[in-house]
Amino acid sequence: MATEQRKPLPFVANFVAGAIAGVSEILTFYPLAVVKTRMQLETGKGKHGMVGTLTAIVREEGVGRLYRGLVPPLLLEAPKRAVKFAANDFWGKIFLGLTGESKMTAQLSVITGCSAGATESFVVVPFELVKIKLQDKSSTFAGPMDVVRQVVKKEGVLGLYAGMEATFWRHFWWNGGYFGCIHQVRAMMPQAETPQGQLFNNFISGAVGGFMGTVLNTPFDVVKSRIQGASKVPGVVPKYNWTYPALVTIFREEGPAALYKGFAPKVLRLAPGGGVLLLVVEFTLNVFRQALGPPYI
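What you see is a predicted model, and the numbers here were worked out from it, not measured in a lab.

Regarding the overall build of the protein
Alright, step 1. For the protein, the count of helices and strands is nine helices and zero strands.
Alright, step 2. When the helices and strands of the protein are listed from N to C terminus, the series reads α-α-α-α-α-α-α-α-α.
Alright, step 3. On C-alpha atoms alone, the protein measures out to a radius of gyration of 20 Å, which is about the 19 Å that the 2.2 N^0.38 rule sets for 297 residues.
Alright, step 4. Reported as C-alpha extents along the three principal axes, the dimensions of the protein are approximately 60 × 40 × 35 Å.
Alright, step 5. Within the protein, buried positions represent 51% of all 297 residues.
Alright, step 6. A sequence separation of at least 24 residues applies to 81% of the contacts in the protein between residues at least 6 apart.

Right under this line is the structure:
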């Protein structure tokens, strides 16, 4: 992103660039997120594939259902992606200082990405819980605020943080894979000679990073959806409670394929979505550099 000759952009520039990228990505790919959640909430052997789930939703519930629960992630996406890229920039500077390295290495890019994901996870949990509750086929909630009111009434404010641990691991592994791959792919690609070539390189790097992040984190996403989609019953221990024991339970009862339920719509969203994120972030940061002038150029 930055060379040794130019001054790093201020924190707010990375924050705003991430926010713009996040909104762009969610508006483009949201229906695939709905399909993914439906597939993950279905226990036992899946009855539908990705296409079957999509057509069933449209046929039985209408096209509008593909955008049910859009408000929470739309409100979340700007701060979420802003935190992702700003935290990655922040932790990158921290780890470079701690290690004495002059530029990012493959190992540092993974560690920095994992740290950014851990930071991001604390922001997203309540929004993710509301989204999952609204996307569930059996959902009877009137809207986002109805979910919040009912959860708080039944479980207290901490009920909004159900699935915190699973969300932590989901974002930890996705961001580690995403930013780690971006560093590696950029190093392997030929140097871009035009602005258009640089945009292409950014898209490919982000898409590969999004694919690898999705491969790593889908089992944790399945667990998170199960935890947040379940209704708590007083006095009854939830079947899915902690992440790693839940992974074992799903593997034992439903087989390894169940840990990758919803992988197709998820990867179709997050692979090109990861490319869109990086492309928009880098484009926006470049606009900031041009507007601020030296020493940022």
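Now that the structure has been shown, the text picks up again.
So, unusual backbone geometry
Alright, step 1. Residue Pro-295 follows Pro-294 across a cis peptide bond; omega there is 10°.
Alright, step 2. Topologically, Pro-295 is positioned in the segment after helix H9 (263-292).

Notes on the packing of aromatic side chains
Alright, step 1. Inspection of every chain in the model, using the stated rule, returns 16 aromatic pairs.
Alright, step 2. Grouped by ring-pair contacts, the aromatic residues Phe-122, Phe-168, Trp-169, Phe-172, Trp-173, Phe-220 and Tyr-244 constitute a single cluster.

Things to note about the environment of Val-148
Alright, step 1. Within the fold, Val-148 resides in helix H5 (residues 144-155).
Alright, step 2. For the pair Val-148 and Lys-80, spaced 68 residues apart in the sequence, the C-alpha separation amounts to 19 Å.
Alright, step 3. Look past the residues within four positions of Val-148 in its chain and what remains in contact with it is Val-130 and Leu-160.

What about a nonpolar patch on the surface?
Alright, step 1. Together, Phe-11, Val-12, Phe-15, Val-16 and Ile-20 give the surface a local cluster of nonpolar side chains, amounting to about 410 Å² of exposed area.
Alright, step 2. Tracing the chain through its elements places Phe-11 in helix H1 (residues 11-41).

A short note on the packing of helix H6 (residues 164-188) against helix H7 (residues 195-229)
Alright, step 1. Axis separation between H6 and H7 bottoms out at 7 Å; the angle between their running directions is 170°. Of the possible angle classes, the one that applies to H6 and H7 is roughly antiparallel. The handedness of the crossing between H6 and H7 is right-handed.
Alright, step 2. When the residues that make up the contact of H6 with H7 are grouped by side-chain class, the tally is 14 nonpolar, 11 polar and four charged.

A word on helix H2 (residues 50-61)
Alright, step 1. Between the first and last C-alpha of H2 there are 16 Å, a value that for 12 residues agrees with the 16 Å anticipated at 1.5 Å per step.
Alright, step 2. Among the residues of H2, Thr-53, Ala-56 and Ile-57 are the ones counted as buried. Each buried residue of H2 lies within a common arc of 100° when the element is viewed along its axis, so the set occupies one face. Facing away from the buried side of H2, by more than 90 degrees, are the exposed residues Val-51 and Arg-59.
Alright, step 3. Once H2 finishes, Gly-62 follows within two positions and takes phi at roughly 95°, a positive value.

Conventions and cut-offs
- Residues numbered from 1 in each chain as written.
- Predicted model: local features only at pLDDT ≥ 70, side-chain atom pairs only at ≥ 80, totals over all residues.
- Heavy atoms only, no water.
- Helix = DSSP H or I, 4+ residues; strand = E, 2+ residues; numbered from the N terminus.
- Rg over C-alpha atoms; globule rule 2.2 N^0.38 Å.
- Buried < 20%, exposed > 50% of the residue type's maximum accessible area, 1.4 Å probe, protein only.
- Contact = heavy atoms within 4.5 Å.
- Phe/Tyr/Trp six-rings, centres within 6.5 Å; stacked < 30°, edge-to-face > 60°.
- Patch = residues over 30% accessible without salt bridge, like charges linked within 9 Å, V, L, I, M, F, W, Y side chains within 5 Å.
- Areas by Shrake-Rupley, 256 points an atom, 1.4 Å probe, with all protein chains shown as cover.
- Salt bridge = Lys/Arg side-chain N within 4 Å of Asp/Glu carboxyl O.
- Axes fitted to C-alpha atoms, helices over the stretch in contact; angles between N-to-C directions.
- Parallel < 35°, antiparallel > 145°, perpendicular 65-115°, else oblique.
- Left-handed = near helix turned anticlockwise from the far one by under 90°.
- Nonpolar A, V, L, I, M, F, W, Y, C, P; charged D, E, K, R; others polar.
- Expected span 1.5 Å × (residues − 1).
- Arc of directions from axis to C-beta.

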